[in-house]
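# Results of the structural survey
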Amino acid sequence: MKILLICVVVGFGGMLPATADHLAQDCDPAGESAPAYNTLEDVSGGQLRPLMTEHLSDPSGMIASDDIHTHAFSYTPCVDRYAIKRPDGALWLRFTLNNPNDHRVEWRIAFMETIFDEMALFEQTETGLDELARNGRTVPTDQRSIVSVRSALAVTLAANETKEFYVRVAGTFTPHATPLLVSEEFFYRWSTSFQTILIVLMGLIALLIMLSLILFRQVTTEFYKYYTLYLLASFMFIFILYGWFHRVFDVQFPVTFTVPAIQLAVGVGVITNIQYTRVLLSSGKRSRMQQRGFVILTVIAVALCGIAVLSPWQHAMPNVLMQFISPLILLAFACARLGRGLPQVLPLCGSLICLVIGLAIANYFFVFPPHITASDSVIEVMRWRAGTYSYTFAIIGEAMFMMLAISMMLQGIRSRSKIAFEEVETLRRSLEATQAKNAKIAEIAQARARFVEDALGDEAEERVLHFEDRLEVRARKIVLDNVGKEGFGPQALGAELGVSERTLSRRMNDALNISPARFIRETRLELARDLIVLRHYSSVAEVAYATGFSSVSHFTRLYGAKFNETPRETFKTTKRAKAAL
């Protein structure tokens, strides 16, 4: 565990300076004479390149295209991404495009980021700005210039033509925007590859959800519900983040809805991850510290999720960090259970390690996105979005190890169930044999009693019970000798005394003014009170079962009716009396 933490910290620490050096080495501010000038020439290694542009931040988002000339744009050397005030702010870009070719060309103005409420392209004309194209998640499909998983704006220039353009972007998920200039053919390959990866990832998660609903419910109902909800949260995270609601249902959700929904999906994923890990580690004996750890971790995750949903622009980072920190803590809990007879712990540790590594890389590249350079390789461009693929690695790796953990847990449950079933069958056969033996004895005793009664009449009864005062003593002794037998009743008592149940009932009513059933019940209750007072047992259930009662609630009710207090109150009274001594 310590080694993993050290690797993560050292890895992050080593990546930060490298990013800064890369920016410094690739940039020469003094060499840029026309910073906002872009040439659309078909050259190797430049099918995708950073858009050289001037920028203007609009924190309120209220600057109109007609008034844009009254505001001063600025240019920052060696910077390829620009800050946007969220959620209401906008960013204006101003740049020049030149087509040096002798034929018409069409390129794309795109961004590394995927969430924008609205993107608009304007052309500078003699009369002002003319809107050429619109795109974004709040723009209806029929008004979008390009329909793809990545939002972009199409720009066309005739042969040897040079024009000045403006782009306005608003409603972003990230606090910055990275503008790109991409050729038409390259953008198609890039967008298609990105879309394919997302479809494969969502298809895998959907398959895991179905497997969880069909197979994992054999473990425990609690587990499969938590794991299914966790997978569903991961699916919704991708579905919302990459705009599939817009593509599939043509629903325009603004970023003010999208960001809280994403934070909710993140929070639900963290909470359910904690819960299904708790269920996997619930077999066997857990320490109180670990039980409290799960409770505290759940409370913190719920609180951070609620705060992030209510205030996603100011307080979302703790919720995102919890997505990485909670698997680390859960990994510590799982490692503490290694070697304690739980076969599912080892693959569970592997699952959490994949989750930690994948989410660590994803969060790092979200906070520190890489520097963009000119390229004509889709693989290289997609490598810049390492966060997406590390998240894919986290989900796939976590799922593979989790399936292994579940299979081991299922195997253990089946093995324990088989042993328990065999033990139950053995006990059942033993109980049936005992019951058959007791039934035979009772039958013989009753036959004997009937024979004696028929032969001698009342003389036999007087011979058996010739002293009325001995009836209670003998009957009580017999009841106490058989107190542990749940089925011991008046018929069995009469057989032990050598008389029929009818004769026993008449004799007891005459001598003691009580029925045999009530006599047996009160004898058991008096014994129960003695056992409590003498502290032979420590719980009400133990006393009830020891005195022949199969239902604790029924025993408690009868006990209270006879002694005017519950068994628990007798326990407390006895304990206080003992403490006083």
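Before going into details, it helps to say that this report is about the structure given with it. Bear in mind the structure is a predicted one, so any value in this text is a computation, not a measurement.

Applying the stated criterion across every chain, the model contains 16 salt bridges. For Arg-108, the salt bridge goes to Glu-106, with nearest N and O atoms at 2.7 Å. Taking relative accessible area as the criterion, Arg-108 reaches 9% and is therefore assigned buried. Notably, a salt bridge pairs Lys-477 with Asp-481, separated by 3.1 Å at the nearest N-O pair. Note that Lys-477 and Asp-481 are positioned in helix α12 (residues 468-481) at a spacing of four residues, about one turn of the helix. Salt bridges sharing common partners tie together Arg-476, Arg-518, Glu-522, Glu-526 and Lys-562.

Within the secondary structure layout, Asp-117 lies in strand β7 (residues 116-125). Of the side chains with opposite charge, Arg-137 lies nearest to the buried Asp-117, which makes no salt bridge, at 6.8 Å. In terms of polar contacts, Asp-117 uses its side chain to reach the backbone amide nitrogen of Val-255, at 2.8 Å. In contact with Asp-117, not counting residues within four places along its chain, are Asn-135, Gly-136, Arg-137, Thr-138, Val-139, Ala-170, Gly-171, Phe-253, Pro-254 and Val-255.

Two elements, β7 and strand β8 (residues 128-135), share seven bridges in a ladder whose sense is antiparallel. Pairing of Glu-123 across the sheet is with Asp-130, part of β8. Two successive antiparallel strands, β7 and β8, enclose a turn made up of two residues.

Residues Ile-205, Phe-237, Ile-238, Ile-262, Tyr-391 and Met-402 are the most contacted members of the largest nonpolar core, which totals 57 residues. Put simply, the parts of the chain that give this core at least two residues each are α2 (184-214), α3 (221-241), α5 (255-280), α6 (288-310), α7 (317-336), α8 (345-367) and α10 (386-456). Ranked by the residues each element gives to this core, the list is headed by α5, at eleven residues. In terms of nonpolar packing, the next biggest core, distinct from the first, is built from 24 residues, Val-105, Phe-111, Ala-133 and Leu-153 among them.

Let us now look at the environment of Ser-193. When you line up the elements, Ser-193 lands in helix α2. On the basis of relative accessible area, Ser-193 is assigned to the partly exposed category, the value being 25%. Through-space distance from the C-alpha of Ser-193 to that of Val-378 is 8.1 Å; in sequence the pair is 185 residues apart. With near-sequence residues (within four places) excluded, Ser-193 lies in contact with Val-378 and Met-382.

Once that is clear, we can look at the layout of surface pockets. There is about 840 Å³ of room inside the largest pocket. Around the largest pocket, the lining comprises 44 residues; the ones closest to its centre are Phe-173, Thr-174, Leu-241, Ala-362 and Phe-366. Those elements that place two or more of their residues in the lining of the largest pocket are α3, α5, α7, α8 and α10. Here the element with the most residues in the lining of the largest pocket is α8; it accounts for six residues. Grouping the constituent residues of the lining of the largest pocket by class yields 28 nonpolar, twelve polar and four charged.

Calculation rules
Residues numbered from 1 in each chain as written. Predicted model: local features only at pLDDT ≥ 70, side-chain atom pairs only at ≥ 80, totals over all residues. Heavy atoms only, no water. Salt bridge = Lys/Arg side-chain N within 4 Å of Asp/Glu carboxyl O. Buried < 20%, exposed > 50% of the residue type's maximum accessible area, 1.4 Å probe, protein only. Helix = DSSP H or I, 4+ residues; strand = E, 2+ residues; numbered from the N terminus. Lys, Arg positive; Asp, Glu negative; His and termini not counted. Polar contact = N/O pair within 3.5 Å; in protein donor to acceptor, adjacent residues only side chain to side chain. Contact = heavy atoms within 4.5 Å. Pairing = 2+ DSSP bridges. Core = buried A, V, L, I, M, F, W, Y, C linked by side-chain atoms within 4.5 Å. 1 Å grid on protein atoms, 1.4 Å probe; cavity = no way out; pocket = protein on both sides within 12 Å on 5 of 7 lines; lining within 4 Å. Points joined across faces, edges and corners; volume = space filled by probe spheres on them. Nonpolar A, V, L, I, M, F, W, Y, C, P; charged D, E, K, R; others polar.

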